[in-house]
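# Descriptive structure summary
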Amino acid sequence: GVTLLMESLSKWKQIPEIPLGYMTDAALKWLANFHCAFLPKTLNPSALPLSDLIDLDGWSIGTHLSLEKRPPQEMEDLPEHISAFVTRFEANDEYFASSSAKEHGARLQVVAADAAKALLPENHAHQTMVHGDYKQGNFFFDSSSEIAVFDWQWTGPGVGATDLIYFCVMAACDEALEDH
């Protein structure tokens, strides 16, 4: 069976960058509660059974950043893509004009497989369910500090820190990062 939960989000707002204040707090609190709900029973006796959810044909690894879900061509093209990205910003900051910046893609290519392996859920005692794409484009806020989270296509077992890091990089403003 399928259960649909629907609510009109017309009074909610989506914003391009999460400012310091109630929205940052709401996003972090929601994420902490979500991760806590799927921690191992030894850490949270009332946790939901993560293994049952995996058996329902869900992802074996949450997050779209998992190399297993990315086309192999992406990794092959990484040096070229990073170099092109850096070149577009050369006039904005001297860092982007450096040869070091242009070589990031090749350096990332060398360590990516080991980094991905280190983040596999089975390599962590405290694996949980991760949203997998926890960024500002995937939640709405209302005026009373409530948050609505959606876009669950990358959800699966993982390391909770990956959601937190993605939120910090993609959604939170600099002031929120400095404050927390």
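Residues numbered from 1 in each chain as written. Predicted model: local features only at pLDDT ≥ 70, side-chain atom pairs only at ≥ 80, totals over all residues. Heavy atoms only, no water.

In this fold, Ser 51 is placed in helix H2 (residues 50–54). By relative accessible area, Ser 51 is classed as partly exposed at 44%. Measuring from C-alpha to C-alpha, the distance between Ser 51 and Phe 38 comes to 9.7 Å, with 13 residues separating the pair along the chain. (Helix = DSSP H or I, 4+ residues; strand = E, 2+ residues; numbered from the N terminus. Buried < 20%, exposed > 50% of the residue type's maximum accessible area, 1.4 Å probe, protein only.)

What follows is about the packing of aromatic side chains. In the structure shown here, the tally under the stated rule is 13 aromatic pairs. Where Phe 89 meets Phe 96, the ring centres are 5.6 Å apart and the plane angle is 40°; that geometry is what we call tilted. Judged by relative accessible area, which is 31%, Phe 89 ranks as partly exposed. By relative accessible area, Phe 96 is classed as partly exposed at 21%. Consider the rings of Tyr 134 and Phe 139, whose centres lie 4.8 Å apart with planes at 45°: the pair is tilted. For Tyr 134, a relative accessible area of 0% corresponds to the buried category. (Phe/Tyr/Trp six-rings, centres within 6.5 Å; stacked < 30°, edge-to-face > 60°.)

The next point concerns the packing of helix H3 (residues 72–88) against helix H5 (residues 104–118). Interaxial distance between H3 and H5 falls to 7 Å at its minimum, and their mutual angle equals 155°. It follows from the interaxial angle that H3 and H5 lie roughly antiparallel. The handedness of the crossing between H3 and H5 comes out as right-handed. Note on element contacts: H5 touches H3 through His 104, Gly 105, Ala 106, Leu 108, Gln 109 and Ala 112, opposite Met 75, Glu 76, Leu 78, Pro 79 and Ile 82. (Axes fitted to C-alpha atoms, helices over the stretch in contact; angles between N-to-C directions. Parallel < 35°, antiparallel > 145°, perpendicular 65-115°, else oblique. Left-handed = near helix turned anticlockwise from the far one by under 90°. Contact = heavy atoms within 4.5 Å.)

For helix H6 (residues 160–170), the full list of buried residues reads Gly 160, Thr 162, Asp 163, Tyr 166 and Phe 167. Considered in projection along H6, the buried side chains sweep an arc of 165° and stay on one side of the axis. Facing away from the buried side of H6 by over 90 degrees, the exposed positions are Ile 165 and Val 169. Tucked inside the fold, the buried residues of H6 contact helix H1 (22–36), strand S1 (128–130), strand S2 (139–141) and strand S4 (156–158). (Arc of directions from axis to C-beta.)

Two side chains that carry opposite charge are able to pair once their charged atoms sit near each other. Within the structure shown, the criterion is met by four salt bridges. Among the ionic pairs, Lys 102 bridges to Glu 90, the shortest N-O distance being 2.3 Å. Of the two residues, Lys 102 is situated in helix H4 (residues 99–102) and Glu 90 in the loop between H3 and H4; the sequence distance between them amounts to 12 residues. Relative accessible area serves as the criterion here: at 29%, Glu 90 is assigned to the partly exposed category. Arg 107 is the salt-bridge partner of Glu 103, the closest N and O atoms lying 3.8 Å from each other. (Salt bridge = Lys/Arg side-chain N within 4 Å of Asp/Glu carboxyl O.)

Attention now moves to the environment of Pro 157. Secondary-structure assignment places Pro 157 in strand S4. When its relative accessible area of 1% is taken as the criterion, Pro 157 is described as buried. Each C-alpha atom of the pair Pro 157 and Ser 66 lies 11 Å from the other, and the pair is 91 residues apart in sequence.

Now for H3. Taking 1.5 Å as the rise per residue, H3 with 17 residues should run 24 Å; its terminal C-alpha atoms sit 25 Å apart, in good agreement. Of all bends in H3, the biggest is about 55°, found at Leu 78, and the proline Pro 79 comes one to four residues later. (Expected span 1.5 Å × (residues − 1). Bend = angle between axes of the 7 residues up to and from the residue.)

Quick look at unusual backbone geometry now. In this structure, Asp 151 is a non-glycine residue whose phi angle is positive, near 65°. Mapped onto the elements of the fold, Asp 151 is located in the loop between strand S3 (147–149) and S4.

A separate point is a negative patch on the surface. A surface patch of negative charge is lined by Glu 17, Asp 25, Asp 174, Glu 175, Glu 178 and Asp 179. Summarising the element assignment, Glu 17 is placed in the segment before H1. (Patch = residues over 30% accessible without salt bridge, like charges linked within 9 Å, V, L, I, M, F, W, Y side chains within 5 Å. Areas by Shrake-Rupley, 256 points an atom, 1.4 Å probe, with all protein chains shown as cover. Lys, Arg positive; Asp, Glu negative; His and termini not counted. Charge placed at Lys NZ, Arg CZ, Asp CG, Glu CD.)

Keep in mind these values describe shape, not function.
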